[in-house]
Amino acid sequence: MTRTSTGHVVALDVGGTVLKGAVVAPGGRVVRELRRPTDRDRGPAAVVDTVLDVLDELVALTRSTTGAPPFGAGLVVPGRVDDRRGVAQFSANIGWTDVPLVELAEQRLGLPVGFGHDVRAGGLAELVLGAARGVADCLFLAVGTGIAAAVVVDGRPYAGAHGLAGEIGHLRVRPDGPTCGCGARGCLESVASASALASAYARAGTPEDPGSAAEVIGRAAAGEPLATRLVTGVVDALADAVTAYVTLLDPEVVVLGGGLARADESLLLHPLRDAVAARLTFQALPGFRTGELGDTAGCLGAALLAWQRVGVPLSAAADARDPAAGPHDADGAQVAVEDDEVGPATGLQGPDVS
Ligand SMILES: [Zn+2]
């Protein structure tokens with residue numbers, strides 16, 4: 001089934017601490033937004049109930065806001081995801097195992113439900129609606145509490161054979177580094193995530209003045225030696241991992257997302273680009289851009305999966321976007337994007353869509 005017109009969808013991004021829901025109009029415009037705590041301490045069954053309740057609530061919001069039911073729903077979750085079968089296979093964060101979320105949500109809502117991995121969906125959103133519009137090959141690197149990536153190859157986020165592609169946070173970059181949550185030692189996430197930066201600062205600094213990762217970056221900008229040394233360490237570790245990615249996959253663009261991407265570009269994005277450039281020998285240096293969608297990237301990705309599920313081409317879903325804000329590379333040059341440059345993304349319509 002292919003639709004030529006498009007309409008509102010509901011979208012839900014399930015995180016370890018918060019559920020971000022939205023009613024989304026074509027073009028990725030968020031019309032209504034709601035947030036609920038995940039309260040994962042209640043156990044996975046209760047979280048699933050809340051997910052279904054919030055989806056219901058979003059459908060009611062769509063009706064009251066637009067006077068019509070949504071076209072469909074999109075749902076994205078963390079961890080190991082089987083997006084073909086619609087199953088949330090595993091999440092250490094939420095504690096669930098093999099939950100057939102699509103089946104449950106479709107029964108509850110009576111609507112088609114698109115489904116996927118939260119970070120891959122965020123990468124999809126940046127690709128179709130955000131900083132990587134018109135780009136076919138890119139790395140979407142989300143650096144926040146943890147570190148994960150969307151591997152975008154030939155216009156589509158690549159899931160891998162087991163739904164585990166993009167776990168760049170678990171590349172070993174510092175063999176003598178701390179033990180990671182995954183059990184290995186020296187993973188990128190254990191040395192370069194926002195939480196790793198904040199706790200390294202708390203360990204080395206004044207215990208009564210720990211500071212969040214954003215504050216540590218601010219202190220580095222102000223020239224504080226300890227913060228500067230730690231932020232440089234984060235940039236170096238990220239550069240090692242990005243260099244490995246560049247060497248393997250030769251991306252056109254690296255998009256930095258997640259909480260740390262809110263830092264001023266001169267503090268993180270530009271030093272990261274320079275550190276990667278210094279490591280390359282024959283490889284081509286990609287463009288470096290800050291994500292444009294912030295923490296709504298996952299939710300907008302869920303909306304795109306909803307449209308995709310009901311047969312709306314992603315190019316059509318994206319067409320109503322704001323043309324004034326174009327993607328920028330880290331050197332500040334605006335990148336021209338023609339309307340038809342969303343072309344590669346339409347390849348995202350898999351054969352299972354029709
Ligand atoms: Zn790890």
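Residues numbered from 1 in each chain as written. Predicted model: local features only at pLDDT ≥ 70, side-chain atom pairs only at ≥ 80, totals over all residues.

### A look at the pairing of strand 12 (residues 253-257)
Rules: Comment: burial labels come from other C-beta atoms within 10 Å of the residue's own C-beta, placed from the backbone, where a count of 20 or more is buried, 12 or fewer is exposed, and between is partly exposed. We count a stretch as a helix when DSSP gives it H or I for four or more residues in a row; a strand needs E for two or more, and each element gets its number in order from the N terminus. In short, DSSP must find at least two bridges between two strands for them to pair. Handedness of a crossover is defined as follows: with both strands directed away from the viewer, a clockwise route from the first strand across the helix to the second makes it right-handed.
Most of strand 12 is tucked away: five of the five residues are buried. Strand direction decides the pairing type here: strand 9 (residues 138-143) and strand 12, joined by five bridges, are parallel. Its bridge partner lying in strand 12, Leu-141 is registered against Leu-256. Direction of pairing for strand 12 relative to strand 13 (residues 287-290): parallel, over a ladder of four bridges. If you follow Val-254 over to strand 13, its bridge partner there is Phe-288. Taking the sense of rotation as the criterion, the β-α-β connection linking strand 12, helix 8 (residues 269-279) and strand 13 turns out right-handed.

### Overview of helix 6 (residues 213-221)
Note on helix geometry: an α-helix contains 3.6 residues per turn, so any two residues three or four positions apart are oriented the same way. Threshold: The arc in question is the one spanned by the directions pointing from the helix axis to the C-beta atoms. Think of it this way: build a C-beta for each residue from its backbone, and any pair within 7 Å is a contact.
For helix 6, the set of buried residues is Ala-213, Val-216, Ile-217, Arg-219 and Ala-220. For helix 6, the buried positions fall inside an angular range of 160 degrees around the axis, keeping them on one side. Where the residues of helix 6 are buried, they touch helix 5 (194-204) and helix 7 (225-249). Looking one or two places after helix 6, you find Gly-223, whose phi comes out positive at around 95 degrees.

### As for the pairing of strand 2 (residues 18-25)
Burial within strand 2 is extensive, with seven of its eight residues counted as buried. Pairing of strand 1 (residues 9-14) with strand 2, which is carried by six bridges, proceeds in the antiparallel orientation. In the sheet register, Asp-13 faces strand 2, and the bridge partner there is Lys-20. Connecting strand 1 to the antiparallel partner strand 2 that follows it, the hairpin turn spans three residues. In terms of strand pairing, strand 2 meets strand 3 (residues 29-37) through eight bridges, oriented antiparallel. For Val-23, the partnering residue across the bridge sits in strand 3 and is Arg-32. Hairpin connection from strand 2 to strand 3: three residues lie between these consecutive antiparallel strands, with Gly-27 at a positive phi of about 95 degrees.

### So, helix 2 (residues 101-109)
Among all positions in helix 2, only Leu-101, Val-102 and Ala-105 are buried. For helix 2, the angular spread of the buried residues around the axis is 95 degrees, confining them to a single face. Elements that come into contact with the buried residues of helix 2 comprise helix 1 (44-66), strand 4 (73-77), strand 6 (87-90), strand 7 (97-99) and strand 8 (113-117). With its phi angle positive at about 65 degrees, Gly-110 sits one or two positions after the end of helix 2.

### Examining the confidence of the model for the protein chain
Convention followed: The pLDDT value expresses, per residue, how confident the predictor is, ranging between 0 and 100.
Averaged over all residues, the pLDDT of the protein chain equals 88, while 89% of them reach at least 70. Counted against residues more than four places away or in other chains, residues 335-354, with its pLDDT under 50, gives 41 contacts.

### Things to note about the packing of helix 5 against helix 7
So the rule is basically this: Lines fitted to the C-alpha atoms define the axes, with helices restricted to the stretch that makes contact. Angles between their N-to-C directions range from 0 to 180 degrees. Should the near helix be turned anticlockwise from the far one by less than a right angle, the crossing is left-handed, and should it be turned clockwise, the crossing is right-handed. Note on residue categories: nonpolar means Ala, Val, Leu, Ile, Met, Phe, Trp, Tyr, Cys or Pro, charged means Asp, Glu, Lys or Arg, and polar means any other residue, Gly included.
In contact at an axis separation of 10 Å, helix 5 and helix 7 are set at 145 degrees when each is read in the N-to-C sense. As helix 5 runs across helix 7, the sense of the crossing is right-handed. From helix 5, Leu-197, Ala-200, Tyr-201 and Ala-204 reach across to helix 7, where they touch Leu-226, Ala-227, Leu-230 and Val-234. Taken together, the residues of the contact of helix 5 with helix 7 sort by class into eight nonpolar, no polar and no charged.

### Notes on the environment of Asp-137
On the secondary structure map, Asp-137 appears in the loop between helix 3 (118-128) and strand 9. Between the C-alpha atom of Asp-137 and that of Arg-156, which follows or precedes it by 19 residues, the distance is 8.2 Å. Excluding residues within four positions of it along the chain, Asp-137 makes contact with Val-152, Val-153, Asp-154, Leu-249, Asp-250, Pro-251 and Glu-252.

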